[in-house]
Amino acid sequence: MSIMGAPRNVRLPADFDQWYPQGLYLVGEISPVMEYQSAEDKARNRPVRPRTDEASGLPLYRGMFADPSAEKDREKSVTVEFACAHQPVPPAPVAGVPFRPVVLEGMTVAPRAETSGQAKWITWVIRATGMSAPGDVTSPASSATKSASKPTGAGSALERSAA
């Protein structure tokens, strides 16, 4: 009898409303994710290349979001990576609100082990293919029938770090 481990780079479809019952709010802007460039690369004037998604090969973009339903302070900030051909355009701002409410489309989650000294815990990497304003969801992908459950007490952010 052999024991098989979990497949690498597994991404589970997730229901946005289950993970973020009070919604999600864009804080700042969406920006492209660039590959690491060493001091040697910089000295040789090598161009900085955009990072691509391992599964789809599409360019990656990243944004910071606020989760009002988070129980812990460190979980209130959520980083989401977008794998799409063009940089996602956030919905129009709402008058009188400093943040833009959004709904993630094509949302997936992936577990990731984090460590800090002797402490170890599981965090979640949140990815999406796009975003829209609440009520304007254009893709049924965010409400896939087989969705990942948000574990209680485990947090719901991409890299929910203590920082």
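I will try to describe carefully the structure that is included in this document. Along each chain, residue indices are assigned from 1 in the same order as the chain's sequence is written. Reporting of local features is limited, given that this is a predicted model, to residues whose pLDDT is at least 70; pairs of side-chain atoms are given and counted only at 80 or more, and all residues count toward the totals for whole chains, interfaces and linings. With hydrogens and water excluded, all non-hydrogen atoms of the structure serve as input to the side-chain values.

**Observations regarding the sheet that holds strand β8 (residues 130–132)**
Reasoning step 1: When DSSP finds two or more bridges between a pair of strands, those strands are recorded as paired. Here a strand is any run of E in DSSP of at least two residues, a helix any run of H or I of at least four, and the numbering for each starts at the N terminus. The 8 strands lie next to each other as β1-β6-β7-β4-β3-β2-β5-β8, forming an open sheet whose pairing is mixed. The open sheet has two edge strands, β1 (12–13) and β8, and neither has a second partner.
Reasoning step 2: Here 7 bridges tie strand β3 (residues 60–66) to strand β4 (residues 77–83), and the two strands are oriented antiparallel to one another. Bridge assignment links F65 to a residue of β4, and that residue is V78.

**Structural notes on the nonpolar core**
Proteins that are soluble and globular tend to have nonpolar side chains buried together.
Reasoning step 1: Core analysis: the biggest nonpolar cluster contains 22 residues, and F65, F82, L104, M107 and I126 have the highest contact counts within it.
Reasoning step 2: Of all the elements in the fold, those that place two or more residues in this core are α1 (16–19), β2 (24–32), β3, β4, β5 (100–105) and β7 (119–128). The definition of a nonpolar core used throughout is a set of buried Ala, Val, Leu, Ile, Met, Phe, Trp, Tyr and Cys residues joined through side-chain atoms within 4.5 Å. Note on exposure labels: buried denotes an accessible area under 20% of the residue type's maximum, exposed denotes more than 50%, and partly exposed covers the range between, all computed with a 1.4 Å probe on protein chains only.

**So, the pattern of salt bridges**
Reasoning step 1: A pairing counts as a salt bridge when a side-chain nitrogen of Lys or Arg comes within 4 Å of a carboxyl oxygen of Asp or Glu. A complete count under the given rule lists 8 salt bridges for this structure.
Reasoning step 2: One salt bridge connects D53 with R11, and the closest N-O pair in it is separated by 2.7 Å. Pair noted here: D53 is in the loop between α2 (39–43) and β3 and R11 is in the segment before β1, with a separation of 42 residues, a long-range link.
Reasoning step 3: Since its relative accessible area comes to 26%, R11 is described here as partly exposed.
Reasoning step 4: With a shortest N-O distance of 2.7 Å, E35 and R49 are connected by a salt bridge. Taken as a pair, E35 in the loop between β2 and α2 and R49 in the loop between α2 and β3 lie far apart in primary sequence, 14 residues in all.
Reasoning step 5: One network of salt bridges, with partners in common, ties together R51, R62, E81 and R127.

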